[in-house]
Amino acid sequence: MELEPLQDGHGRLIGDLRVSVTDRCNFRCQYCMPAEGLPWIERDSVLTFEEIARLVTLFSSMGVHDLRLTGGEPLVRRGFPRLVEMLASIGGIDDLSVTTNGFLLQRDAEALVRAGVNRFNVSVDSLQQDRFYELTRRDALPQVLAGLELLATFPEAHPIKINAVAIRDFTEEEALPFARFARTTPFEVRFIEFMPLDADQAWTPDQVLSGEEIRAAIHEVYPLEAEPRERSATARIYRFADGHGKIGFINPVSEPFCGDCNRIRLTADGRLRTCLFSLNETDLRGPLRGGADDGELERIIREAVWLKELKHHVGEPGFIQPARSMSAIGG
Ligand code: SAM
Ligand code: SF4
């Protein structure tokens, strides 16, 4: 049943839902999780596949058309391809994507493509094995690249995007190798500015390597031309002027794109977040398990979304980092 479109109090229509299917992860990226991991959400508190499917169905009837599955590491959730299959069959979802660290892609790429994932973002922060290990605390680059290679054999999975977090005094060295990678492979590379969502709460503004700095460094060697920005897009995309591939920059810190943000998030334990940097969350699991009907859930969702933050305040005096880190929110 079609319902009124989901809209916030600033007139923004919500079309994009990111669902964290687990807070657990097999990596320990410095900018996200501590080396020893985090206290995981109790298994009973994690939404079941059926609960996720019910909420996604409701969101889709309110106009959500893009669904991204993330985590933690979504591929460590047991039976994940079965969840994808359930969600792919929900009417109105026309884009079903997964963000993954790629470690289990060799095992799961085929099952995920068959189940209906039509876009993949794979996180790779360095193309050098030792530096990849330094950042992720896992010696896993060869396995991730092998997974990517396998994924690339499925035409349905393209375009495949590679995400690299941009950190000062680390990523400068990665800029040109990633530019060459983007020019010589079918993958579109995007740099994401380091955000204050690390579990260690050690982020400082000077650790952010801005997208503009990387763009300028690449442009000197391989000239770039800007593509028009699509509405609600997070990335500024550039094509190499000689026609060999594309590269993108997600600049939430230096060039926030809150103005036309159409995204909301659902955590693995069923809490709705209207911004990555939200300081409060709305519990949907309690009402869901307490027997709320769709009308009641719809009312709770609309009320929460109406209060979606106008913008984030990263870098401003008084900014407060959310208690949950990126892996627990669902990036
Ligand atoms: N585990 C999967 C992965 O790494 O792709 C999915 C979840 S991860 C939280 C989603 C994305 O958030 C990844 O691309 C990761 O690099 C990014 N990320 C994590 N912490 C970040 C931070 N503090 N600043 C910017 N991006 C971050
Ligand atoms: Fe795990 Fe992704 Fe966080 Fe790295 S960024 S620790 S892979 S959730």
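Notes on the structure in this doc start here. Bear in mind the structure is a predicted one, so any value in this text is a computation, not a measurement. (Residues numbered from 1 in each chain as written. Chains lettered and ligands numbered in written order. Predicted model: local features only at pLDDT ≥ 70, side-chain atom pairs only at ≥ 80, totals over all residues. Heavy atoms only, no water.)

## What to know about the overall build of the protein chain
Alright, step 1. The secondary structure content of the protein chain amounts to 10 helices and 12 strands.
Alright, step 2. Radius of gyration (C-alpha) of the protein chain: 19 Å, near the 20 Å computed for a compact globule of 331 residues.
Alright, step 3. In terms of overall dimensions, the protein chain has C-alpha extents of about 60 × 45 × 40 Å along its principal axes.
Alright, step 4. Residues classed as buried in the protein chain amount to 56% of the 331 residues present.
Alright, step 5. Sequence separation of 24 or more characterises 73% of the internal contacts of the protein chain that already satisfy a separation of 6 or more.
Alright, step 6. Charge centroids of the protein chain, computed over 38 positive and 51 negative side chains, lie 2 Å from each other. (Helix = DSSP H or I, 4+ residues; strand = E, 2+ residues; numbered from the N terminus. Rg over C-alpha atoms; globule rule 2.2 N^0.38 Å. Buried < 20%, exposed > 50% of the residue type's maximum accessible area, 1.4 Å probe, protein only. Contact = heavy atoms within 4.5 Å. Lys, Arg positive; Asp, Glu negative; His and termini not counted. Charge placed at Lys NZ, Arg CZ, Asp CG, Glu CD.)

## Structural notes on the site of ligand 1
Alright, step 1. The immediate surroundings of ligand 1 are formed by 17 residues, with Tyr31, Gly72, Glu73, Ser123 and Met195 found nearest.
Alright, step 2. Side-chain polar atom of glutamate 73 to a nitrogen atom of ligand 1: 3.2 Å apart, as the coordinates give it.
Alright, step 3. Between ligand 1 and the protein, one listed contact pairs a nitrogen atom with a backbone N or O atom of methionine 195 at 2.9 Å.
Alright, step 4. When ligand 1 is considered free in solution it has 540 Å² of accessible area, and contact with the protein chains removes 95% of it.
Alright, step 5. Secondary structure elements with two or more residues in the shell around ligand 1: β3 (95-100) and β5 (160-166).
Alright, step 6. Split by residue class, the shell around ligand 1 holds 6 nonpolar, 9 polar and 2 charged. (Near = heavy atom within 4 Å. Polar contact = N/O pair within 3.5 Å; in protein donor to acceptor, adjacent residues only side chain to side chain. Areas by Shrake-Rupley, 256 points an atom, 1.4 Å probe, with all protein chains shown as cover. Nonpolar A, V, L, I, M, F, W, Y, C, P; charged D, E, K, R; others polar.)

## Section: the site of ligand 2
Alright, step 1. Around ligand 2 sit Cys25, Phe27, Cys29, Tyr31, Cys32, Gly72, Asn101 and Ser327, and that is every residue in its neighbourhood.
Alright, step 2. Residue composition of the shell around ligand 2, by class: 5 nonpolar, 3 polar and no charged.

## Some remarks on the sheet that holds strand β8 (residues 235-240)
Alright, step 1. Within the open sheet, the 12 strands sit side by side as β7-β8-β9-β6-β5-β4-β3-β2-β1-β10-β11-β12. Their pairing is mixed. Strands with a single pairing partner mark the edges of an open sheet, and in this sheet they are β7 (224-226) and β12 (282-283).
Alright, step 2. Sheet topology note: the β8/strand β9 (residues 246-250) ladder contains 5 bridges and is antiparallel. Opposite isoleucine 237, over in β9, you have glycine 248 as the bridge partner.
Alright, step 3. Packed onto the sheet, helix α7 (residues 211-221) meets β5, β6 (188-193), β7, β8 and β9 and runs at close to 160° relative to β9. (Pairing = 2+ DSSP bridges. Axes fitted to C-alpha atoms, helices over the stretch in contact; angles between N-to-C directions.)

## Overview of the packing of aromatic side chains
Alright, step 1. Applying the stated criterion to the full structure yields 8 aromatic pairs.
Alright, step 2. Measuring from ring centre to ring centre gives 6.1 Å for phenylalanine 27 and phenylalanine 132, while their planes differ by 90°; the resulting arrangement is edge-to-face. Of the two residues, phenylalanine 27 sits in the loop between β1 (16-20) and α1 (49-61) while phenylalanine 132 sits in helix α4 (residues 129-136), which places them 105 residues apart along the sequence.
Alright, step 3. Since its relative accessible area comes to 2%, phenylalanine 27 is described here as buried.
Alright, step 4. Summarising the aromatic geometry, the rings of phenylalanine 181 and phenylalanine 187 are spaced 5.8 Å apart at their centres and angled 15° between planes, so their arrangement reads as stacked.
Alright, step 5. Under the relative-accessibility criterion, phenylalanine 181 is labelled buried at 16%.
Alright, step 6. On the basis of relative accessibility, which here comes to 8%, the residue phenylalanine 187 falls in the buried class.
Alright, step 7. The ring of phenylalanine 170 carries arginine 131 above its face, with NZ or CZ at 4.0 Å from the centroid.
Alright, step 8. A cation over an aromatic ring shows up here: arginine 183 above the ring of phenylalanine 240, its NZ or CZ 5.0 Å from the ring centre. (Phe/Tyr/Trp six-rings, centres within 6.5 Å; stacked < 30°, edge-to-face > 60°. Lys NZ or Arg CZ within 6 Å of the ring centre and 35° of its normal.)

## Thoughts on the pattern of salt bridges
Alright, step 1. Under the definition given, this model contains 26 salt bridges.
Alright, step 2. A salt bridge links arginine 239 to glutamate 227; the shortest N-O distance between them is 2.5 Å. With arginine 239 in strand β8 and glutamate 227 in the loop between β7 and β8, this pair connects stretches of sequence that are 12 residues apart.
Alright, step 3. On the basis of relative accessibility, which here comes to 31%, the residue arginine 239 falls in the partly exposed class.
Alright, step 4. Here aspartate 269 ties to arginine 324 by a salt bridge, and the two come within 3.1 Å at their closest N and O atoms. With a gap of 55 residues between them, aspartate 269 in the loop between β10 (263-266) and β11 (271-273) and arginine 324 in the loop between α9 (294-306) and α10 (326-329) connect regions that are remote in the sequence. Here aspartate 269 and arginine 324 have matching classes, each one buried.
Alright, step 5. Shared partners join several salt bridges into a network, and the residues in it are Asp269, Arg271, Arg273, Glu281 and Arg324. (Salt bridge = Lys/Arg side-chain N within 4 Å of Asp/Glu carboxyl O.)

Spatial relationships are all this shows, so hold off on functional conclusions.
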